[in-house]
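# Structure assessment
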Amino acid sequence: MESTLFAELREIVGPRGLITSREELHTYECDGLTNFRVLPRAVLLPNSTEQVQKIVRVCYREKIPFVARGSGTGLSGGALPVENGVVISLTRMNKILEVDFPNARVAVEPGVINLDVTGRVEPQEYFYAPDPSSQSICSIGGNVAENSGGAHCLKYGFTTTHVLGLEVVLSDGSLVHFGGKTLDAPGYDLMGVFVGSEGTLGIATKIILRIVKRPECVQTLLAAFPSTNEAGAAVSDMIAAGMLPAAIEMMDNLAIQAAEAAVHANYPNCGALLLVELDGPVAEVAALMAHVDEICRKNGAWEIRVAQSDAERALVWKGRKAAFAAMGRISPNYIVQDGVIPRTALPNVMREIGRLSKEAGLRVANVFHAGDGNLHPLVLYDRRIPGHEEAAEALSSRILELCIAAGGSITGEHGVGEDKKKMMPKMYSEPDLETMQRVRCAFDPLQLSNPSKIFPRPRLCGEKPGEYVAHPLETAGIAERF
Amino acid sequence: MDASVSSKAIANTFEADVREIVTAKYVRTAAESDAVAGAQPSLVVEPGSEQELAKVLKLANSAGLAVIPRGGGTKLEWGNRPERADVILSMSRLNRVIEHAWADLTVSAEAGCTIAKLQETLAKHGQRLALDALWPERATVGGVLSTNDSGALRLRFGSLRDLVIGATVALADGTVASSGGKVVKNVAGYDLPKLVTGAFGTLGVMTRAIFRLHPLPRETRTISCVTADAREAQRLVLALQNSKLAHSALQIYCGGEAKPRVDVLFEGTEAGLTAQVEQVNSMMGSATTTDAGKDVWSARQAICSAEKNGNAEFAVAKFATLPARMADTFETIATLSVGKLRWNIVAQATGVGWARFEGEASAMDCALREFRANLERGGGSLVIAHRPGGITTFDAWGNAGDVLPLMSAVKQQFDPRGTLNPGRFVGGI
């Protein structure tokens, strides 16, 4: 049985496009969230849309679940294989298909690396705006699945803002096209639903992206505050003053120490660091930067630096972007959390995180996209100490509950995946989740595309949507259905 | 039993039940003025709460009655004529601004709240919904979202899909579901606010929405420039787009045979504006620029106006083309209209534009068909917002492509009995 199936799949992708040996399969048993591991039945490496369609048709016929995978950098277990399922890795589909400067569009295959899009259009001074910290290795296909953000989405928006068209293989192997190079295609915005659906609605095989002209000037200000409270107050004042910086990032003392140890970004040793980036026309940026400086000083910043060159700016960002990995310097193990709160809830939530951290006897480092309230608390622990890992997981969940209680979200950019599906009912009611799954039933009635992710309780698509109540006249035999 | 008698019995029972829910004061027989694109409903219901609305909807769904949700009624002509229209579900009583969390730059409002009322509330804290919708005095949050109406500010701030962060919808079976939330960044679950944006109320009735906000600009400046022809206008627009200027809006306006005018809007600090305006002037070369007022930005509303210009029949259509094909599009319109129709166009640098034609209905029918075919060949689209009397069956939507079966499947999941706006949307949905 298995050998016949493998032979058929090998016929589609060629001998080098099919992985079945246990040793090699281990590479694919998890994504960037390594505490969930499942060995897939096989891994397929198609190099064209046609091959993806053929593979999916076999899966559909045999009712084999499949999980699409890009670079595997996701942090929520979205690309975690499912029992008895196959993984479809899109890494070989890595061509930039078209670059159209007059219309500011780029068409790519899903395996293209995020930063390579910018690399390709950089000479004409364009860039691809979504910049997750993993941008040098993560793929556009994965970004589409997760609706990836990044530090600059405060001003530039998320992946969904920059995707204009998609070619998608649905779970029965059929090919559909959402959107295109022009805007506002007639009909439902299925592209809007597909982006961020974590691979549960099908596989994107071609993506049309919007590219953005580089601003005339970029300035990055670094301000040292006594604590996150003062830094948070400065952020609120900037927003209240009507500013929309390209990025506002915050790191607390523990995160600063870790980043320093890892990449020597030359950060001041302070309670909280604020990194504010403004971009735009020179005169505009100069006027606003003076105002930002004033706001930071008014809120107690004791050191303010403005990165003077591209090299200095790159170093400032290097510390921030390396912050997660840097935790390895100060702790043997850590959990990266991703929650969102309304910005104004920051002081309360920080105080609560501090209290919970003390209670649990575990350190928590904090890295935020402060402009949009996206928190990345890093819970530090030592797996070798009995009970530590469980305590860290419990603390990490408690932090998400704080986010929900503050009116926020359980994930701002990492996705729900396998990791947070148990939290979904805390954020949404049963009718909310049931309604989302109606979309899933329309796209993938057999639930073969990355099943068991996002939703804690999959809805059977045979279920009649909503309850049907017979009309009293019908029951009484007075009227018939018309 | 005779079908018409049975349906009448159901309608009577329904009406009695609805009176129970919303009280008799908020149920009335529909007038001629309540017609929707030529379809005459029989009842107008004004629920006072989300719960009442869901109950009424569920009852109508069970009774097999077709429901047309209505906000300010400014765009009821858009889309195809509904196959059936029994009940108008008016959002007029669900009109509150629920919460303006100004320090978090978000607002939540009920669907019947007018855009003008929303903007007034936001302006108290120096903020705005960065959207220049049509007829803001009457257009509502729900109506603007359902028709996906956006204007020139879209270039800088995105369209509604980029501004809406949460929505609550009542489904035909009475389910009330929310998705998204009140934080700007949120990837938990499917993005249903985007699904219902532009869905013309065919999936559910929007009851509440949450938006991200932007600060009101400190200063604004509009620069206009009359160009020699469509080619020059396009060259200028592409040059501005390829520059490092940070303009908020950019459009080409062309009134029939008159020379095309390019309008640019800048927002920001006085220092930033002055520097940018100087740069634009230098880019315009020989063409003269004028420091225009903000009136040029009402061009879209004038084109979309439902008022007849004298006795002439008219058509209004929204088109989407590639930014670099705008001159081609203008020339196509001119060629199709020559000697038969008068026309006005406004096109944004995004490639989305609006055209108004005036003249004989038969000539418009022919021109619209050819215009649509031309746009679709280039990957674009043409959606009709107003049809003249002679061609009321002209399809509003055009070709939805290979994704139509999937759209129908989504509709089937949300509204299996075809209760909401039946036949109004693309492909007969």
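Residues numbered from 1 in each chain as written. Chains lettered and ligands numbered in written order. Predicted model: local features only at pLDDT ≥ 70, side-chain atom pairs only at ≥ 80, totals over all residues.

### A look at the overall build of chain A
Each helix and strand counted, chain A has 18 helices and 19 strands in total. For 482 residues, the compact-globule estimate of 2.2 N^0.38 gives 23 Å, and chain A sits close to it at 24 Å. Dimensions of chain A along its principal axes, counting C-alpha atoms only, are 75 × 55 × 55 Å. Looking at chain A residue by residue over its 482 residues, the buried ones come to 58%. (Helix = DSSP H or I, 4+ residues; strand = E, 2+ residues; numbered from the N terminus. Rg over C-alpha atoms; globule rule 2.2 N^0.38 Å. Buried ≥ 20, exposed ≤ 12 C-beta atoms within 10 Å, placed from the backbone.)

### Things to note about the overall build of chain B
Assigned secondary structure in chain B consists of 13 helices and 19 strands. On C-alpha atoms alone, chain B measures out to a radius of gyration of 23 Å, which is about the 22 Å that the 2.2 N^0.38 rule sets for 429 residues. Taking the principal axes of its C-alpha atoms as reference, chain B extends roughly 75 × 55 × 40 Å. By the burial criterion, 60% of the 429 residues in chain B qualify as buried.

### Comments concerning the pairing of strand S4 (residues 86-89) of chain A
Residues and elements named next belong to chain A. Every second residue of S4 is oriented toward a common face, with Val86 and Ile88 on one face and Val87 and Ser89 on the other, all of them buried. Strand direction decides the pairing type here: strand S3 (residues 66-69) and S4, joined by 4 bridges, are parallel. In the strand pairing of S4, valine 67 is matched with valine 87. (Pairing = 2+ DSSP bridges.)

### Focus on the sheet that holds S3 of chain A
Residue and element names in this part refer to chain A. Strand order across the open sheet formed by 4 strands is S1-S2-S4-S3, with mixed pairing between neighbours. Only two strands of the sheet have a single neighbouring strand rather than two, namely strand S1 (18-19) and S3. Note: strand S2 (residues 42-44) against S4, 3 bridges, orientation parallel. Paired with alanine 42 across the two strands is valine 86, which belongs to S4. Lying on the sheet, helix H3 (residues 49-62) is in contact with S2, S3 and S4; it crosses S4 at an angle near 170°. (Contact = placed C-beta atoms within 7 Å. Axes fitted to C-alpha atoms, helices over the stretch in contact; angles between N-to-C directions.)

### Section: the domain arrangement of chain B
The accessible area lost on association of the parts is a frequent measure of interface size. All names here are of chain B. You can read the domains of chain B as domain 1 (3-92) and domain 2 (97-215). Between the C-alpha centres of domain 1 and domain 2 there is a distance of 24 Å. Domain 1 puts 17 residues into the contact, and the matching count from domain 2 is 21 residues. In terms of residues, the side of domain 1 that touches domain 2 owes the most to one element, helix H2 (residues 50-63), which gives 7 residues. For the side of domain 1 that touches domain 2, the per-class residue count stands at 7 nonpolar, 6 polar and 4 charged. (Domains from an automatic or database assignment. Nonpolar A, V, L, I, M, F, W, Y, C, P; charged D, E, K, R; others polar.)

### Considering the interface of chain A and chain B
The partner chain B presents 85 residues to the 82 residues of chain A that form the contact. Of all the secondary-structure elements, those providing two or more residues to the side of chain A that touches chain B are strand S9 (175-179), helix H8 (190-194), helix H9 (228-240), helix H11 (282-298), helix H16 (424-427), helix H17 (430-443) and helix H18 (472-475) of chain A. A total of 9 residues in the side of chain A that touches chain B trace back to one element, the largest contributor, which is H17 of chain A. Its residues placed into classes, the side of chain A that touches chain B shows 40 nonpolar, 27 polar and 15 charged.

### With respect to helix H12 (residues 361-377) of chain B
Residue and element names in this part refer to chain B. For H12, built from 17 residues, the straight-helix expectation of 24 Å at 1.5 Å per residue is met to within 8% by its first-to-last C-alpha distance of 24 Å. Looking at the buried positions of H12, the neighbouring elements they touch are strand S16 (313-320), helix H11 (326-337), strand S17 (341-348), strand S18 (352-359) and strand S19 (381-386). Phi for glycine 379, located one or two positions after H12, is positive at around 85°. (Expected span 1.5 Å × (residues − 1).)

### As for the domain arrangement of chain A
Residues and elements named next belong to chain A. If you check the domain split of chain A, you get domain 1 (2-89), domain 2 (96-213) and domain 3 (217-405). The C-alpha centroid of domain 2 is placed 23 Å from the C-alpha centroid of domain 1. The interface is formed by 14 residues belonging to domain 1 together with 21 residues belonging to domain 2. Where the side of domain 1 that touches domain 2 is concerned, the elements lending two or more residues are H3 and S3. When residues in the side of domain 1 that touches domain 2 are grouped by element, the largest group, 6 residues, is from H3. Along the lines of polarity and charge, the residues of the side of domain 1 that touches domain 2 split into 6 nonpolar, 7 polar and 1 charged.

### Notes on the confidence of the model for chain B
In this model, chain B carries a mean pLDDT of 94, and residues with pLDDT of at least 70 account for 98%. Under the prediction, the complex receives an ipTM of 0.96, its pTM being 0.95. (pLDDT = per-residue confidence, 0-100.)

### Topic: the packing of H11 of chain A against helix H9 (residues 270-283) of chain B
Where H11 of chain A contacts H9 of chain B, the axes come no closer than 7 Å and their chain directions differ by 175°. Relative to H9 of chain B, the element H11 of chain A is oriented roughly antiparallel. Contact residues: H11 of chain A offers Ala283, Glu284 and Ala287 of chain A, while H9 of chain B offers Ala271, Gly272 and Ala275 of chain B. (Parallel < 35°, antiparallel > 145°, perpendicular 65-115°, else oblique.)

### Things to note about H2 of chain B
Three or four residues apart is the spacing at which side chains of an α-helix point the same way, because the helix has 3.6 residues per turn. All names here are of chain B. With 14 residues, H2 ought to run about 20 Å at 1.5 Å a step, and its terminal C-alpha atoms sit 20 Å apart, in line with that. Across the 14 residues of H2, 11 count as buried, placing the element largely inside the fold. Listed as buried for H2 are Glu52, Leu53, Ala54, Val56, Leu57, Lys58, Leu59, Ala60, Asn61, Ser62 and Ala63. Remark: glycine 64 follows H2 within two positions and exhibits a positive phi of approximately 70°.

### Remarks on the sheet that holds strand S5 (residues 97-101) of chain B
Residue and element names in this part refer to chain B. Taken in spatial order, the 5 strands line up as S5-S6-S10-S8-S9 in an open sheet, and their pairing is antiparallel. Among the strands making up the open sheet, the edge pair consists of S5 and strand S9 (176-180). The average angle at which neighbouring strand axes cross in this sheet is 10°, direction not considered. Examined bridge by bridge, S5 and strand S6 (residues 106-110) share 4 bridges and lie antiparallel to one another.

### A closer look at unusual backbone geometry
Even without glycine at this site, histidine 264 of chain A takes up a positive phi of about 50°. Looking at where histidine 264 of chain A falls in the secondary structure, it is placed in the loop between helix H10 (253-263) and strand S14 (272-280). With phi around 55°, phenylalanine 200 of chain B is a residue other than glycine that occupies positive phi space. Given 24 C-beta atoms within 10 Å, phenylalanine 200 of chain B falls into the buried group.

### Things to note about the packing of H9 of chain A against H11 of chain A
Two packed helices can be described by the angle between their axes and the distance between those axes. Residue and element names in this part refer to chain A. Their axes nearest at 9 Å, the elements H9 and H11 cross at an angle of 140°. The handedness of the crossing between H9 and H11 comes out as right-handed. Residues Ala234, Asp237 and Met238 of H9 lie in contact with H11, whose contacting residues are Val292, Ile295 and Cys296. Across the contact of H9 with H11, the residue classes break down as 5 nonpolar, no polar and 1 charged. (Left-handed = near helix turned anticlockwise from the far one by under 90°.)

### Concerning the pairing of strand S6 (residues 105-108) of chain A
All names here are of chain A. In the sheet, strand S5 (residues 96-100) pairs with S6 via 4 bridges, with the strands oriented antiparallel. The residue bridging isoleucine 96 from the neighbouring strand is valine 108, located in S6. The loop that links S5 with its antiparallel partner S6 comprises 4 residues; one of these, alanine 104, has a positive phi angle of about 55°.

### Some thoughts on the environment of serine 92 of chain B
All names here are of chain B. Locating serine 92 in the fold gives a position in the loop between strand S4 (87-90) and S5. Through-space distance from the C-alpha of serine 92 to that of threonine 114 is 9.3 Å; in sequence the pair is 22 residues apart. Filtering out sequence-adjacent residues up to four positions away, serine 92 remains in contact with Glu46 and Gly112.

### Section: the environment of glycine 387 of chain A
Mapping glycine 387 of chain A onto the fold places it in the loop between strand S19 (374-381) and helix H15 (388-405). Remark: the alpha-carbon pair of glycine 387 of chain A and aspartate 184 of chain A, spanning 203 residues in sequence, is separated by 53 Å.

### Considering the environment of methionine 283 of chain B
All names here are of chain B. Relative to the elements of secondary structure, methionine 283 occurs in helix H9. Residue classification places methionine 283 among the partly exposed residues on the basis of 16 C-beta atoms within 10 Å. Spatially, the C-alpha atom of methionine 283 lies 40 Å from that of valine 183, the residues being 100 residues apart in sequence.

### Remarks on the confidence of the model for chain A
Residue and element names in this part refer to chain A. Residues at a pLDDT of 70 or more form 95% of chain A, whose mean pLDDT is 92. Confidence over residues 465-475 falls short of pLDDT 50; this stretch has 22 contacts with residues more than four positions distant or in other chains. Note on residues 477-482: pLDDT is under 50 here. Beyond four places in sequence and across chains, it has 16 contacts.

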